[in-house]
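# Examination of the molecular architecture
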Amino acid sequence: QVRLVESGGGLVQAGGSLRLSCVASADTFGYAMAWFRQAPGKERECVAFINWSLGSTYVADSLTGRFAISRDTAKNTAYLQMNSLKPEDTAVYYCAARSWTGTTLDTSYKYWGQGTQVTVSS
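The structure reproduced in this document is the subject of the present report.

Parameters at a glance
- Residues numbered from 1 in each chain as written.
- Predicted model: local features only at pLDDT ≥ 70, side-chain atom pairs only at ≥ 80, totals over all residues.
- Heavy atoms only, no water.
- Helix = DSSP H or I, 4+ residues; strand = E, 2+ residues; numbered from the N terminus.
- Rg over C-alpha atoms; globule rule 2.2 N^0.38 Å.
- Buried < 20%, exposed > 50% of the residue type's maximum accessible area, 1.4 Å probe, protein only.
- Areas by Shrake-Rupley, 256 points an atom, 1.4 Å probe, with all protein chains shown as cover.
- Lys, Arg positive; Asp, Glu negative; His and termini not counted.
- Charge placed at Lys NZ, Arg CZ, Asp CG, Glu CD.
- Core = buried A, V, L, I, M, F, W, Y, C linked by side-chain atoms within 4.5 Å.
- Contact = heavy atoms within 4.5 Å.
- Phe/Tyr/Trp six-rings, centres within 6.5 Å; stacked < 30°, edge-to-face > 60°.
- Disulfide = S-S within 2.5 Å.

## Notes on the overall build of the protein chain
Helix and strand counts for the protein chain stand at zero helices and eleven strands. Its C-alpha radius of gyration of 13 Å places the protein chain within 12% of the 14 Å reference for a compact globule of 122 residues. Dimensions along the principal axes, computed over C-alpha positions, put the protein chain at roughly 40 × 30 × 25 Å. Residue burial in the protein chain is summarised as follows: out of 122 residues, 46% are buried. For the protein chain, the exposed area adds up to about 6,200 Å²; of that, 49% sits on carbon and sulfur atoms. Charged side chains of the protein chain number 11 positive and 9 negative; the gap between the two group centres comes to 4 Å.

Below you can see the structure in the form of structure tokens.
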């Protein structure tokens, strides 16, 4: 069982930056950790994932250049760095984990955090 706790959300003006953190309660070696987001009235979408052991990453094409995912293996923590934020980035951001390699399919992730709200004002 892996418990995930997100932090770092909040209110930011357009053009600003935020860094989200996701702390896992157990060693996540061999797992993939991902960030998803869900805006009101929209489907949940994959923002990024990182394969823990290799450090290889994926960022959604539409977010490449503004968002980046990283990890600190010693702290069992994944990060989502979000720069040049736009109002359309407003959503609840969720951390998720699954065994083996990451995917963009939310239903393939077994463990989920409670979510953290990110609001970008114009």
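## Concerning the nonpolar core
Judged by nonpolar contacts, the single largest core of 31 residues is most densely connected at Leu4, Met33, Trp35, Phe67, Leu80, Met82 and Tyr93. At the level of secondary structure, the elements contributing two or more residues to this core comprise β3 (18-24), β4 (31-38), β5 (45-51), β7 (67-72), β8 (77-82), β9 (91-99) and β11 (116-121). Residue contacts for leucine 4: discarding those within four places in its chain leaves Cys22, Val23, Ala24, Met33, Cys95, Ala96, Ala97, Tyr111, Trp112, Gly113 and Gln114. One finds Ala34, Phe36, Phe49 and Ala96 within the second-largest nonpolar core, a separate group that totals six residues.

## Quick look at the packing of aromatic side chains
Scanning all chains against the criterion turns up six aromatic pairs. Judged by centre distance (6.3 Å) and plane angle (75 degrees), the rings of tyrosine 94 and tryptophan 112 are edge-to-face. With tyrosine 94 in strand β9 and tryptophan 112 in strand β10 (residues 111-112), the pair connects residues that are 18 residues apart, well separated along the chain. With a relative accessible area of 18%, tyrosine 94 lands in the buried category.

## Quick notes on the environment of lysine 42
By the secondary structure assignment, lysine 42 is in the loop between β4 and β5. A C-alpha to C-alpha distance of 28 Å links lysine 42 and tryptophan 100, two positions 58 residues apart in sequence.

## Here we look at the environment of glutamate 88
Along the chain, glutamate 88 turns up in the loop between β8 and β9. For glutamate 88, a relative accessible area of 53% translates into the label exposed. Distance from glutamate 88 to tryptophan 35, taken between C-alpha atoms, is 16 Å for residues 53 residues apart in sequence.

## As for the state of the cysteines
In protein structure, a disulfide is the covalent linkage between the sulfur atoms of two cysteines. Scanning all chains against the criterion turns up one disulfide. Here cysteine 22 connects covalently by a disulfide to cysteine 95, the sulfurs 2.0 Å from one another. Every disulfide takes its handedness from the sign of the S-S torsion; for cysteine 22 and cysteine 95 that torsion is -80 degrees, giving left-handed. In this pair, cysteine 22 sits in strand β3 while cysteine 95 sits in strand β9, placing the two residues 73 residues apart along the sequence. Accessibility expressed as a relative area gives 0% for cysteine 22, which makes it buried. Overall, cysteine 95 belongs to the buried group, its relative accessible area being 0%.

Geometric values such as these leave the question of function open.
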